[in-house]
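# Breakdown of the fold
So you can see what is in the structure, the chains are spelled out below.
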Amino acid sequence: MSFSEQLRKEADHIFEACYNHPFVRGIADGTLGKEQLIHYVKQDFEYLNAIIQAYALGISKCTNREDMVMFNTSISFVLNSEVHPHNNFCHVAGVKFEDLQGFPLAPTAQHYTRHMLNVGRSGTLGETIAVVLPCPYIYLYIGDRIIEEFQPDQSHPFYDWITFYGGQEDPRMNLYLKRLDQLAEEASEQERTKMKEHFMLSCQLEYLFFDMAYTLQDWPVQKERVAVVE
Ligand SMILES: Cc1ncc(CO)c(N)n1
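All of these numbers come straight from a predicted model, not from anything done at the bench. (Residues numbered from 1 in each chain as written. Predicted model: local features only at pLDDT ≥ 70, side-chain atom pairs only at ≥ 80, totals over all residues.)

### Regarding the overall build of the protein chain
Applied cut-off: Note on conventions: DSSP H or I runs of at least 4 residues are helices, E runs of at least 2 residues are strands, and numbering of each starts at the N terminus. Each radius of gyration reported is based on C-alpha atoms, and the globular scaling rule is 2.2 Å times the count of residues to the power 0.38. Residues with at least 20 neighbouring C-beta atoms inside 10 Å of their own are called buried, those with 12 or fewer are called exposed, and the rest are partly exposed, where every C-beta is derived from the backbone.
Counting its regular elements, the protein chain contains 12 helices and 0 strands. Ordered by position from N to C terminus, the α and β elements of the protein chain give α-α-α-α-α-α-α-α-α-α-α-α. Rg of the C-alpha trace for the protein chain: 18 Å, near the compact-globule value of 17 Å for 230 residues, within the 12% margin. Dimensions of the protein chain, computed from C-alpha atoms along their principal axes, come out at roughly 60 × 50 × 30 Å. In the protein chain, buried positions account for 37% of the 230 residues.

What follows is the structure in structure tokens.
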């Protein structure tokens, strides 16, 4: 079994838990609520800014053009294409995408973005690939499974979201998986362990991100002191 196959196997229960999370169920059956859609887009806009930066940190570790192209393609994808699923959510929620930008990070988004950026700053190329991989990997899995089980057509409110992530002909992350396997072969046991840990934590944070959106997670105590009206 290759290194990437081992990671996928170890994380299988988390992929499964993500698919069964009520937020994802709500996408699949088209019942997800307006507040949840809005909270998700606010947080995901900031999350995607951070993953662009993590990809850029990946570029800073590359020693050949092919690897640079791989990260560069992901950056372009997020910047130019990944606005479509957000627009789909905004359309259903009846709000403007531009109005959901620049919000502070909720605890889970804070945790996940710091995790990616910390590894991007202090880790190796292999560790950086491992930390960003669950993002495309889990969404591809979810999209594919919704298409398989629900066979949504264009009348489905989240048709654009589902078909954006699922049903890709040649999934982008296949290149990352191949490169991760090459790097794992050259890596020390210690580095491989770190790659695995980063990957697994990102998978757990993917689950928590859906949970954050579903429960409208926010800081239990606000930064600003709230004036008490007597
Ligand atoms: C948190 C999160 N994970 C994965 C994706 C898919 O790119 C996304 N948009 N947001």
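### So, the packing of helix H4 (residues 34–59) against helix H8 (residues 125–132)
Put simply, the rule is: Fitted lines through C-alpha atoms give the axes, limited to the stretch in contact for helices. The angle between two N-to-C directions lies from 0 to 180 degrees. When an angle is under 35 degrees it counts as roughly parallel; over 145 it counts as roughly antiparallel; between 65 and 115 it counts as roughly perpendicular; any other value is oblique. Handedness of a crossing follows from how the near helix is turned relative to the far one, being left-handed for an anticlockwise turn of less than a right angle and right-handed for a clockwise one. By definition, residue pairs are in contact when their C-beta atoms, positioned from the backbone, come within 7 Å.
In contact at an axis separation of 9 Å, H4 and H8 are set at 160° when each is read in the N-to-C sense. Here H4 lies roughly antiparallel to H8, going by the angle between them. Seen along the crossing, H4 lies across H8 with a hand that is left-handed. When H4 is examined against H8, the residues Ile51, Ala54, Tyr55, Leu57 and Gly58 are found in contact with a partner set consisting of Leu125, Thr128, Ile129, Val131 and Val132.

### Details of the site of the ligand
Convention followed: Only the C-beta atom matters for nearness: placed from the backbone, it must lie within 6 Å of the molecule or strand for the residue to count as near. Under the scheme applied here, ten amino acids are nonpolar (Ala, Val, Leu, Ile, Met, Phe, Trp, Tyr, Cys and Pro), four are charged (Asp, Glu, Lys and Arg), and all others, including Gly, are polar.
Around the ligand, the structure places Asp44, Tyr47, Leu48, Cys135, Pro136, Tyr139, Glu206 and Phe209. Breaking the shell around the ligand down by element, the ones donating at least two residues are H4, helix H9 (134–150) and helix H12 (189–214). Residues of the shell around the ligand, tallied by class, amount to 6 nonpolar, no polar and 2 charged.

### Some details on H8
Across the 8 residues of H8, 8 count as buried, placing the element largely inside the fold. Listing the buried residues of H8 in full gives Leu125, Gly126, Glu127, Thr128, Ile129, Ala130, Val131 and Val132. The elements touched by buried residues of H8 are H4, helix H7 (107–122), H9, helix H11 (173–186) and H12.

### Describing the UniProt feature "domain: Thiaminase-2/PQQC" (unreviewed entry) in the protein chain
Threshold: UniProt positions are given in the numbering used here, feature names are shortened, and annotations may be inferred rather than shown by experiment.
When the UniProt feature table is mapped onto this chain numbering, "domain: Thiaminase-2/PQQC" (unreviewed entry) sits at residues 9–215. Secondary structure content for residues 9–215 is 77% helix and 0% strand, while the C-alpha to C-alpha distance between its ends is 28 Å.

### With respect to the environment of Gly33
Of note, Gly33 is situated in the loop between helix H3 (22–28) and H4. Note on Gly33: 14 C-beta atoms within 10 Å, which makes it partly exposed. Spatially, the C-alpha atoms of Gly33 and Gly126 are 38 Å apart, while their sequence positions differ by 93 residues.

### Some remarks on the environment of Lys223
Structurally, Lys223 can be placed in the segment after H12. Look at Lys223 and you get exposed, because 6 C-beta atoms sit within 10 Å. Lys223 sits 21 residues away from Ser202 along the chain, and the two C-alpha atoms are 27 Å apart.

### Side note on the nonpolar core
Selection rule: For this entry, the nonpolar core is defined as buried Ala, Val, Leu, Ile, Met, Phe, Trp, Tyr and Cys residues connected by C-beta atoms within 7 Å.
Membership of the largest hydrophobic core comes to 60 residues, with the highest contact counts inside it found for Ile27, Ile129, Val132, Leu133, Ile142, Leu180 and Phe210. Look past the residues within four positions of Ile129 in its chain and what remains in contact with it is Gly58, Tyr176, Arg179, Leu180 and Leu183.

### Thoughts on unusual backbone geometry
Of note, the phi angle at Gln151 is positive, near 40°, even though the residue is not glycine. Within the secondary structure, Gln151 sits in the loop between H9 and helix H10 (159–165). We classify Gln151 as exposed; it has 8 C-beta atoms within 10 Å. With phi around 55°, Leu216 is a residue other than glycine that occupies positive phi space. Relative to the elements of secondary structure, Leu216 occurs in the segment after H12.

### So, the environment of Gln154
With respect to the secondary-structure elements, Gln154 resides in the loop between H9 and H10. Placed 40 residues apart in sequence, Gln154 and Lys194 show a C-alpha to C-alpha distance of 43 Å.

### Observations concerning the confidence of the model for the protein chain
To be explicit about the condition: Per residue, pLDDT measures the predictor's confidence, with a range of 0 to 100.
Averaged over all residues, the pLDDT of the protein chain is 96; the fraction at 70 or higher stands at 100%. In the predicted complex, the global pTM is 0.96; the interface-specific ipTM is 0.98.

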